[in-house]
Amino acid sequence: MGKKKVIIAIVAVVLIFAVVAAVYILTSKGEDKNKVEVVPDTTTSATTEAPVTTVPETEPTTTTVTTFPPFVNGLSLKAQEAKQSNADTVGWIRLSNTVIDYPLVRTSDNDYYVSTNFYHNADPAGWVFVDYRCDFGPDLYSDNLMAYGHNMADGSMFSDLKKYQRDEAFYEANPIIEVSSLYADYQYKVFAFMLCNGVKGSDFEFWNYINFAPGTDEWSLEEYLAKIDDKSLITTNVDVKEGDKLLMLSTCNTGDTTDPIRFVVLARMVRPGEDAYEGTTGSSRR
């Protein structure tokens, strides 16, 4: 009888173990059905999906996320991301060896961003902004894209534009300005910089030359270039032709708010297939 009891006990233990194992296996299978397999993302930037950026955690979760068609990995992608934080964003600007690396904004006037920063807070530094009269989109693009920014004592905003004036070697080392819209990336090569009176009624209201009418005396490219040549502080070998898209960047000459003089940098868009640096060497100061 002793042997029978031992055998019965062993059989009971085996049966209990088998039942527990069966329950465990069935439970595990049930859990596996609820799991989602993670497949590595093998897509590239050349997808048909529009790149979508997320809203920063510091912004309200109700902010609308805008999507755009895919483009090369340039500044336009940075501009698209910045637009999630500020709907006034129309592009991005960057100049090598300076702090100029900012989203460009535009609103319904040229006053708001003089004393308001990118996050819509009151700020004496304001922000860098495109003239409200300029078109800067996928289909419309002004002949002369104009942007403004303060010459701040701390070196921010457009103060580093003055390096072109202060440092004779700076121009040939940094003749290219990168500007992107929300839709494409562009390069501009600087062909002049000058000091001008920023008061309305002055001899050269440089801020009014937005679009040119070929063959006319009013707002013509020829008139504009002649006035620039008369005032430019440098002679370059960069040519400008009818049909070229221009860029004008304006900042205060000094930090004195009563100073009416503006330092203005002029550049033209690099043409398709053109060497971006062609004509940027052999310059001379006037």
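Residues numbered from 1 in each chain as written. Predicted model: local features only at pLDDT ≥ 70, side-chain atom pairs only at ≥ 80, totals over all residues. Heavy atoms only, no water.

Applying the stated criterion to the full structure yields 17 aromatic pairs. Centre to centre, the rings of Phe 118 and Tyr 119 are 5.2 Å apart; their planes meet at 90 degrees, and the pair counts as edge-to-face. Between Phe 204 and Phe 206 the ring centres are 6.3 Å apart and the planes differ by 70 degrees, which places this aromatic pair in the edge-to-face class. Taking the relative accessible area as the measure of exposure, Phe 206 reaches 2% and is therefore buried. Grouped by ring-pair contacts, the aromatic residues Phe 204, Phe 206, Trp 207, Tyr 209, Phe 212 and Tyr 224 constitute a single cluster. (Phe/Tyr/Trp six-rings, centres within 6.5 Å; stacked < 30°, edge-to-face > 60°. Buried < 20%, exposed > 50% of the residue type's maximum accessible area, 1.4 Å probe, protein only.)

Looking now at the side chain of Ser 232. Inspection of the secondary structure puts Ser 232 in the loop between α5 (221-231) and β7 (234-235). Among the residues examined, Ser 232 registers a relative accessible area of 6% and is labelled buried. For Ser 232, the side chain forms a polar contact with the main-chain oxygen of Ile 234, separated by 2.7 Å. Not counting residues within four places of it along the chain, the set of residues in contact with Ser 232 comprises Ala 192, Phe 193, Met 194 and Arg 286. (Helix = DSSP H or I, 4+ residues; strand = E, 2+ residues; numbered from the N terminus. Polar contact = N/O pair within 3.5 Å; in protein donor to acceptor, adjacent residues only side chain to side chain. Contact = heavy atoms within 4.5 Å.)

Attention now moves to helix α2 (residues 75-83). Looking only at α2, the buried set comprises Leu 75, Ser 76, Ala 79, Gln 80 and Ala 82. For α2, the buried positions fall inside an angular range of 160 degrees around the axis, keeping them on one side. The inward-facing, buried residues of α2 contact β1 (89-95), β2 (101-105), β5 (176-181) and β6 (185-197). (Arc of directions from axis to C-beta.)

Put simply, the protein has an average pLDDT of 80, and 72% of its residues get 70 or more. Within the protein, the element-level pLDDT minimum falls on helix α1 (residues 2-32), averaging 53, and the maximum on strand β3 (residues 129-130), averaging 98. In this model, residues 23-72 is a region of pLDDT below 50 whose contacts with residues beyond four sequence positions or in other chains number 41 contacts. (pLDDT = per-residue confidence, 0-100.)

A few words now on the pattern of salt bridges. Inspection of every chain in the model, using the stated rule, returns 13 salt bridges. Two residues, Asp 101 and Lys 78, come together in a salt bridge whose shortest N-O distance is 3.6 Å. Of the two residues, Asp 101 is situated in strand β2 and Lys 78 in helix α2; the sequence distance between them amounts to 23 residues. For Arg 268, the salt bridge identified is with Asp 244, shortest N-O distance 3.8 Å. (Salt bridge = Lys/Arg side-chain N within 4 Å of Asp/Glu carboxyl O.)

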